[in-house]
Amino acid sequence: MTTKRTGRAAAKSAHSLRPHILVLHGPNLNLLGSREPQHYGVATLDDINQDLVGRGEAAGALVETFQHNHEGALIERIHQAARDHADFIIINPAGYTHTSVAMRDALAASAIPFVEIHLSNIYARESFRHHSYFSDLAVGVVSGLGAQGYELALEYALRHIQNRTSHGSQKTEKAH
Ligand code: DQA
């Protein structure tokens, strides 16, 4: 018996079927550990990335991480994720949260579901940080939980992918 696959699942079958999550970090996050620890904590970006990759491996998922200080490079990485048929993006757009229509457009074009994340509580800080160009497109937003926010976002992403996959196969069964 053959199984009919549709949409992203069909495209993914040419690639790996294991969940594929991209974690994107915006400008200045390479300085984590030493950068304004009162806002961003003491964990380095390597600490955060290693933890996420390890948790992904334990769950049978591929977790890729990418940090860049340039808007264009982040946009290119989102385009690449779409070509790779990534299942989910966890993104801390950092300063671009409050300025980047172009990164918003790239995420919209990719149609990859994403969680927006901030180490600090952006609503408890300067008013220019209260507006995000991403939040209304995001599945959800985690803000103010420090590095733990990334763990929670990853746990959510894994469950989101699992639910979507099992709902997808239920639809396939009903269609036959
Ligand atoms: C940040 C909050 C942004 O306002 C700031 O520009 C950052 C980091 C956070 O993780 O709390 O660079 O996204």
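Coordinates for the structure precede this section.
Sequence order sets the numbering: in each chain, residues are counted from 1 along the sequence as written. In keeping with the model being predicted, local features are shown solely for residues with a pLDDT of at least 70 and side-chain atom pairs are shown and tallied solely at 80 or more, while totals for entire chains, interfaces and linings include all residues.

Now for the environment of Asn-49. Strands are runs of DSSP state E lasting at least 2 residues, helices are runs of H or I lasting at least 4, and numbering of each runs from the N terminus. Its place among the elements puts Asn-49 in helix 3 (residues 45-58). Exposed residues have 12 or fewer other C-beta atoms within 10 Å of their own C-beta, buried residues have 20 or more, and partly exposed residues fall in between, where C-beta atoms are placed from the backbone. Of the residues examined, Asn-49 has 18 C-beta atoms within 10 Å and is grouped as partly exposed.

What follows is about the site of the ligand. Taken together, Asn-28, Asn-92, Ala-94, Gly-95, Thr-97, His-118, Leu-119, Ser-120, Ile-122 and Arg-129 make up the full set of residues near the ligand. A breakdown of the residues in the shell around the ligand according to their chemical character gives three nonpolar, six polar and one charged. We call a residue near a molecule or strand if the C-beta atom, set from the backbone, is within 6 Å of it. Gly is put with the polar residues, along with every residue not named as nonpolar or charged; the nonpolar set is Ala, Val, Leu, Ile, Met, Phe, Trp, Tyr, Cys and Pro, and the charged set is Asp, Glu, Lys and Arg.

Backbone geometry places His-85, a non-glycine residue, at a positive phi of 60°. Looking at the element boundaries, His-85 is found in the loop between helix 4 (71-83) and strand 3 (88-92). We note that Ala-94 has phi near 50°; this positive angle belongs to a residue other than glycine. Residue class for Ala-94 comes out buried when judged on the 20 C-beta atoms lying within 10 Å of it.

With 13 residues, helix 4 ought to run about 18 Å at 1.5 Å a step, and its terminal C-alpha atoms sit 19 Å apart, in line with that. Every buried residue belonging to helix 4 is among Leu-74, Ile-75, Ile-78 and Ala-81, and all of these are buried. The buried residues of helix 4 occupy an angular sector of 115° when the element is viewed end-on, so they sit on one face. Residues of helix 4 that are exposed and point over 90 degrees away from its buried face: Gly-72, Ala-73, His-79 and Arg-83. The positive-phi residue at the C-terminal boundary of helix 4 is His-85, with phi of around 60°. A helix is expected to reach a length of 1.5 Å times the quantity of its residues less one. What the arc describes is the spread of directions from the helix axis to the C-beta atoms.

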